[in-house]
Amino acid sequence: MMTYVISGYALVAKALVPATAAYILFLAILAVSGNRKMISAHLLYLKEFIFLVYILSAGIITGLVFPESWRFDPDFSFNLTPFTNESLTMIFFNVLLFLPMGILLPAIFRKMNSWRNILTAAVLIPVGVEVTQMLFAGRLADIDDVIANFLGCMLGYVVYRILSALFCNRKKRSVGLGTASVLVDFIALCWGVTLRGWCLGDLVFRHLGLSAWSNNSDGVYAMSGVHYPEIVTLLLLGGALLLAGRYNKDYLAAPGAVVAVAGGVYTIVSMLLSVH
């Protein structure tokens, strides 16, 4: 199972590079065109950035983005008998694949924050993916994938509703850049969380052909010395702390600061241990 997780991590790293380039370009265009207030009002468009990374990642995993051998040569091969071809592991990962969809759609698009609309999306999107794969990628359209993706999307929406209830802005505090600090924390943690010695930052560096550790040389991967992705983590957490401190009256600014400090301390200790 861990092999699938690491492989998925690598595909997210592949998606993160063009998503980040597009995000930076988008912000630059808005800033140059005098729409800086719009950037602030939309919390630096961080939710949209996370959604873009997710869509590209899911597209790469399903073969819909960066297809290697797309062609219109349908053989209309499909399986309509549930749970005959898939292992429990693959069903689990197909559920997990669409879980963020159920969280991000209502978080970004207000009209999607209803059971009817999210139910419609949870049916149409997986069916659309399977049909596209069958028509252009020569893959079997499987009802197992549709069911698992549907369950993942609906489960994600349940998680969204629970989180919305837990973090309800009851005091009606302003939602601004201080609130965005929580999103920056989330991105920093996703970048720096390690699985079997690898973090997302390592895989991005590798995808770009860069060395993630200062002691790497002559093609030897040595996990010692200065860990460059952790420097990026510190910069992100530092940015989150600055936002939380500067706009400390905003909703969730205090938790954003706490997570930034805790994450920063942990990262610094980890860097010191790796150096020595």
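Numbers given for residues are sequential positions, taken from 1 along each chain in its written order. Given that this is a predicted model, residues contribute local features only at a pLDDT of at least 70 and side-chain atom pairs are listed and counted only at 80 or more, while totals for whole chains, interfaces and linings are drawn from all residues. The basis for the side-chain values is all heavy atoms of the structure; hydrogens and waters are excluded.

A.B. asks: Describe the packing of aromatic side chains, and please don't skip the residues or the numbers.
C.D. replies: Classification of ring pairs uses Phe, Tyr and Trp, with its six-membered ring standing for Trp, and accepts pairs whose centres are within 6.5 Å; under 30 degrees between planes counts as stacked, over 60 as edge-to-face, and the remaining range as tilted. Tallied over the full model, the rule gives 7 aromatic pairs. A ring pair is formed by Tyr-157 and Tyr-160, whose centres lie 6.1 Å apart and whose planes are at 15 degrees; its orientation type is stacked. One end of the pair, Tyr-157, and the other, Tyr-160, are both in helix 6 (residues 143-166), 3 residues apart, so they sit about a helical turn from each other. Side by side, Tyr-157 and Tyr-160 carry an identical accessibility label, which is buried. Measuring from centroid to centroid gives 6.4 Å for Trp-191 and Phe-205, while their planes differ by 65 degrees, and the two rings are edge-to-face. Here Phe-205 lies in helix 8 (residues 200-207) and Trp-191 lies in helix 7 (residues 177-192), a separation of 14 residues in the sequence. Looking at Trp-191, the relative accessible area reads 10%, which means it is buried. Here the aromatic cluster, defined as three or more aromatic residues joined through ring pairs, consists of Trp-115, Tyr-157 and Tyr-160. Only Lys NZ and Arg CZ are tested; either one counts as a charge over a ring when it is within 6 Å of the ring centre and within 35 degrees of the ring normal. Arg-246 extends its terminal NZ or CZ atom over the ring of Tyr-247, reaching a point 4.9 Å from the ring centre. Each helix is a run of DSSP H or I of at least 4 residues and each strand a run of E of at least 2, with the numbering of both proceeding from the N terminus. Think of it in three bands: with a 1.4 Å probe and only protein chains considered, a residue is buried below 20% of the maximum accessible area for its type, exposed above 50%, and partly exposed in between.

A.B. asks: I'd love a proper account of helix 3 (residues 46-62), names of residues and values included.
C.D. replies: A helix is expected to reach a length of 1.5 Å times the quantity of its residues less one. In this model helix 3 runs 24 Å from its N-terminal to its C-terminal C-alpha over 17 residues, within 8% of the 24 Å that 1.5 Å per residue would give. Counting buried residues in helix 3 gives 12 out of 17 residues, a clear majority hidden from the surface.

A.B. asks: An account of the state of the cysteines is needed here, citing residue identities and associated values.
C.D. replies: By convention in this document, the label disulfide applies to cysteine sulfur atom pairs within 2.5 Å. Across all of its chains, the model carries 0 disulfides by this definition. No disulfide involves Cys-153; its nearest neighbouring cysteine sulfur is the one of Cys-190, lying 19 Å away. The class for Cys-153 is buried, based on a relative accessible area of 1%.

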